[in-house]
Amino acid sequence: MAGNMVMWNPWHGCHKISEGCRHCYVYREDAAFKTAISPNEVRKTASFDLPLRRDRKRNWKFPSGTLFGLCFTSDFLIQEADEWRNGIWEIIRLRNDCNFIFFTKRIDRLQQCLPSDWNMGYDNVVIGCTAENQKMADYRLPIFISLPIKHRLIIVAPMIERIELSPYLHNHLIKEVSVGGESGKYARCLDIRWVEDLRRQCTDNEISFTFHQTGSYLKKDNRIYNIPREHQHSQAKKANLNIRFPEI
Ligand code: SF4
């Protein structure tokens, strides 16, 4: 999915709110680039109107059908952005010829952040709810499946323990489950058996499944493999665990 996605970060900065945030890459990268402003400080970026940009001939810079990935250096639903978010909904309405996706650990804020004409959801918006462990799955997913959303994904990343998602996978409310390990020097190890078990839960419920990256440490056959950053996506693909079911 990320391959053809245009990253759109209208604001930058976030706060750690759960276990999955422990080694957040936004903090890591800001530290690596020695950014003067703390990653805790949420601020608007120069890319706020990115999808509305035009070329010299006044054509859209990003053509019809572009998929924009929103807020990869923040959380789309973070409280500090409440006053800016309506501007984003407006852009999403104006570019209803494009698709938009965001992943969030703050699904409990979605209801209060929706635009007034949301109704049962915008056709061109996909929302991914992150659940890194069982505790967060059991808190966030009941909220997620109760909300009016047209396209729902569950993102299990970084997967830090075995997770039982079966209670949330029936009725075809979820389009796909996508799983990944944690990256970085201090990453927690991903056990391939957790991934295989989640895949089984998905196939039992006819939900598409993607193993999108291994993370830095992968446990397999009682050995722990240290996988360099540049191979984490390709190694996950080589595991050959991805499965697609037709949408219902
Ligand atoms: S919610 Fe996402 S961006 Fe924010 S601190 Fe946690 S991992 Fe980082």
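Each chain has its residues counted from 1, running along the sequence as written. Restriction of local features to residues with pLDDT of at least 70 applies here, the model being predicted, together with a cutoff of 80 or more for giving and counting side-chain atom pairs; totals for whole chains, interfaces and linings are based on all residues.

(A) The arrangement of the site of the ligand in detail. Only the C-beta atom matters for this test: placed from the backbone, it must lie within 6 Å of a molecule or strand for the residue to be near it. In the vicinity of the ligand, the residues found are Cys14, Lys16, Ile17, Gly20, Cys21, Cys24, Val26, Ser74, Asp75 and Lys105. Here the nonpolar group is Ala, Val, Leu, Ile, Met, Phe, Trp, Tyr, Cys and Pro; Asp, Glu, Lys and Arg are the charged ones; every other residue, Gly included, is treated as polar. Partitioned by chemical class, the residues of the shell around the ligand number five nonpolar, two polar and three charged.

(B) The sheet that holds strand S12 (residues 223–226), seen in detail. Two strands make a pair as long as DSSP finds a minimum of two bridges between them. Strands are runs of DSSP state E lasting at least two residues, helices are runs of H or I lasting at least four, and both sets are numbered from the N terminus onward. With respect to topology, three strands assemble into an open sheet ordered S9-S11-S12, the strand pairing being mixed. In the strand order of this sheet, the two ends are held by strand S9 (190–191) and S12, each with one partner. Sheet analysis places strand S11 (residues 217–220) next to S12, joined by four bridges and oriented antiparallel. Considered in S12, the bridge of Lys219 is made with Ile224.

(C) The arrangement of the sheet that holds strand S10 (residues 208–213) in detail. Strand order in the open sheet formed by seven strands is S1-S4-S5-S6-S7-S8-S10, and the pairing between neighbours is parallel. One side of each edge strand has no neighbouring strand; the edge strands of this open sheet are strand S1 (5–8) and S10. Between one strand axis and the next, the sheet turns by 25° as a mean value, whatever way the strands run. Two elements, strand S8 (residues 176–180) and S10, share five bridges in a ladder whose sense is parallel. Along S10, the bridge assignment pairs Glu176 with Ser208. Once C-beta atoms are placed from the backbone, any two residues with those atoms within 7 Å are in contact. Note on geometry: axes are lines fitted to C-alpha atoms, helical ones only across the stretch in contact, with angles between N-to-C directions running from 0 to 180 degrees. Docked against the sheet, helix H5 (residues 192–204) engages strand S7 (151–156), S8 and S10, running at close to 180° with respect to S8.

(D) Layout of unusual backbone geometry. Look at the link from Ala157 to Pro158: it is a cis peptide, with omega at -10°. Secondary-structure assignment places Pro158 in the loop between S7 and S8. One non-glycine residue, Asn119, lies in the positive phi region at around 50°. Within the chain, Asn222 stands out as a residue other than glycine whose phi angle is a positive 65°.

(E) Quick peek at the domain arrangement of the chain. What marks off one domain from the next here is an automatic or database domain assignment. Structurally, the chain comprises domain 1 (1–121) and domain 2 (157–248). Between the C-alpha centres of domain 1 and domain 2 the distance comes to 24 Å. Listed by partner, the interface residues are five residues for domain 1 and seven residues for domain 2. When grouped by side-chain class, the residues that make up the side of domain 1 that touches domain 2 number one nonpolar, two polar and two charged.

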